[in-house]
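Residue-level listing of the chains:
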Amino acid sequence: MKVKAAVVNGVNQPYTFETLNLAELKDDEVRVKIVATGICHSDDALRLGHAAYEFPGVLGHEGAGIVEKVGSGVSNIQEGDHVVLAYAYCSHCNHCLEGIPAACTDWLSLNWGAVHTDGTPFFTRDDGTVVRNFFHQSSFATHINVKATNITKVEKDVDLRLAAPLACGLMTGVGTVVNGLEAKPGSSIVIFGTGAVGLAAMMAAKISGCSTIIAVDIHDARLQLAEELGATHVINSRSTDVLEKIREITNQVGVNYSVDTTGVESVMKLSLDVLAIRGVAAPIAVTNQNITINTLTDLALASKKMIGVLMGATVPQLSIPKMIEYFKNGVFPFDRLIQLYDFDDINQASADSLSGKTIKPVLVVDKSYTV
Ligand SMILES: NC(=O)c1ccc[n+]([C@@H]2O[C@H](COP(=O)([O-])OP(=O)(O)OC[C@H]3O[C@@H](n4cnc5c(N)ncnc54)[C@H](O)[C@@H]3O)[C@@H](O)[C@H]2O)c1
Ligand SMILES: [Zn+2]
Ligand SMILES: [Zn+2]
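Residues numbered from 1 in each chain as written. Chains lettered and ligands numbered in written order. Predicted model: local features only at pLDDT ≥ 70, side-chain atom pairs only at ≥ 80, totals over all residues. Heavy atoms only, no water.

Novice: Would you take a moment to explain the coordination of the zinc ion (ligand 3) for this structure?
Specialist: Taken together, C90 (SG), C93 (SG), C96 (SG) and C104 (SG) make up the full set of protein donors to the zinc ion (ligand 3), lying 2.3 to 2.4 Å away. Its 4 donor atoms give the zinc ion (ligand 3) angles of 102 to 117 degrees at the centre, a pattern that matches the tetrahedral case. Written as a sequence motif, the donor residues of the zinc ion (ligand 3) are C-x2-C-x2-C-x7-C. Taking the relative accessible area as the measure of exposure, C93 reaches 10% and is therefore buried. Classification of C96 as buried rests on a relative accessible area of 12%. (Donors = N, O, S within 2.8 Å, 3.2 Å for Na, K, Ca; no water. Tetrahedral: all angles 85-135°; square planar, octahedral: opposite > 155°, others 65-115°. Buried < 20%, exposed > 50% of the residue type's maximum accessible area, 1.4 Å probe, protein only.)

Novice: Can you help me understand the pattern of salt bridges in this one?
Specialist: It is possible for side chains of opposite charge to pair when their charged atoms get near one another. Taken as a whole, this structure holds 18 salt bridges when the rule is applied. E54 is the salt-bridge partner of R132, the closest N and O atoms lying 3.8 Å from each other. Taken together, the residues span a long stretch of sequence, with R132 in the loop between β7 (130–131) and β8 (143–147) and E54 in the loop between α1 (41–47) and β4 (63–70) at a distance of 78 residues. For E54, a relative accessible area of 52% puts it in the exposed group. (Salt bridge = Lys/Arg side-chain N within 4 Å of Asp/Glu carboxyl O. Helix = DSSP H or I, 4+ residues; strand = E, 2+ residues; numbered from the N terminus.)

Novice: I would appreciate a short explanation of the coordination of the zinc ion (ligand 2) in the present structure.
Specialist: For a metal bound by four donors in a tetrahedral arrangement, the ideal donor-metal-donor angle is 109.5 degrees, while six donors in an octahedral arrangement ideally sit at 90 or 180 degrees. Every protein donor of the zinc ion (ligand 2) is accounted for by C40 (SG), H61 (NE2) and C168 (SG), and the metal-donor separations fall at 2.0 to 2.3 Å. Between the donor residues of the zinc ion (ligand 2), the gaps in sequence give the motif C-x20-H-x106-C. In this pair, C40 sits in the loop between β3 (29–38) and α1 while H61 sits in the loop between α1 and β4, placing the two residues 21 residues apart along the sequence. The burial state of C40 is the same as that of H61; both residues are buried.

Novice: Can you walk me through the packing of aromatic side chains in this structure?
Specialist: Working definition: an aromatic ring pair is given by the centre-to-centre distance plus the angle between the planes. Scanning the model with the defined rule gives 11 aromatic pairs in all. For the ring pair W107 and F135, a centre distance of 5.4 Å and an interplane angle of 90 degrees mean the geometry is edge-to-face. You can see W107 sitting in helix α3 (residues 107–111) and its partner F135 sitting in the loop between β7 and β8, a full 28 residues away along the chain. Accessibility classification places W107 together with F135 in one group, the buried group. (Phe/Tyr/Trp six-rings, centres within 6.5 Å; stacked < 30°, edge-to-face > 60°.)

Structure, rendered in structure tokens:
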């Protein structure tokens, strides 16, 4: 079938709309008509060349929509189901079986492979050019084929325009605190970067009972929102010495946990320096910047840890309904992060995200959708 998609043709190129051919549905796939999709910073990180990806491709990995067709090998999903789309996983490797599908042995080939694992493409142009895929979804398109493991079903009263970004940015922030750091009640945490991932991490810290929650950013408007959403302290790193201020807040002890969502070299290093003895840092940005650490003075002497957390180490099918429940209970008001844009305005939405104006842009692909 023909689909409308926002294609990126190379590093630093804008999104350009094209009509593409969507591949035939495979037995283990489901066709979804996209209603809305978030733009995650990772989409733009690829577009801007901060992580390797071969173009042309259709990015987008925070899709939400309605099931149109179900492959013959899929049993738990029906036509008409409302779905939120996260990453794909194999469901039978030892990591999947142990409940950490974000560590799936096939994670990279399934989500970053750009074509199916059997080598066939997801999209082609009429001249036969292969247009690549992302996260086994490519949600910047009107219709896509996904694996059953990409899918989390949601109730029909859930607004798919709000639910879309739960599948990456918000899930990652929440999961990093809950599953990655396993933040304990009464503990202290600092979140560097109050974008969608950082603010979700911060709200999860509040839900987890952290008693000192410090948010750091360079935008006062974002820090004000962080305060409204539960930060006990906010620091603008443009005007304040962050290390000194955190020492002051914690009576010179440092924090138990830190999360870096900025990917900035000096900030990632700082996220280790601010830790208390036995503190744990989770640097989770998609970045091409590196840090140098001395394993003795930066880690061992204070028994500190630095951990990698992918997609919040979450099982999307468990975490997405949980976040919706938190939202309904009023403790996870993530709708305050979202700004809706028409799909046709994808370049404006991306620019507003990169400038700091919009925290979480969500593109409305199907304007006829109502809850
Ligand atoms: N590990 C994962 O599984 C995973 C999943 C999703 C997203 N990510 C990554 O997480 C990161 C955050 O995503 P996001 O959507 O929240 O992005 P974002 O751009 O909205 O947020 C980053 C924030 O960092 C702030 N910032 C930038 N430089 C700073 C500095 N020097 N000091 C303090 N703050 C600074 C920005 O103002 C912004 O608010 C991105 O790199 C994204 O690609 C990782
Ligand atoms: Zn993402
Ligand atoms: Zn697996």
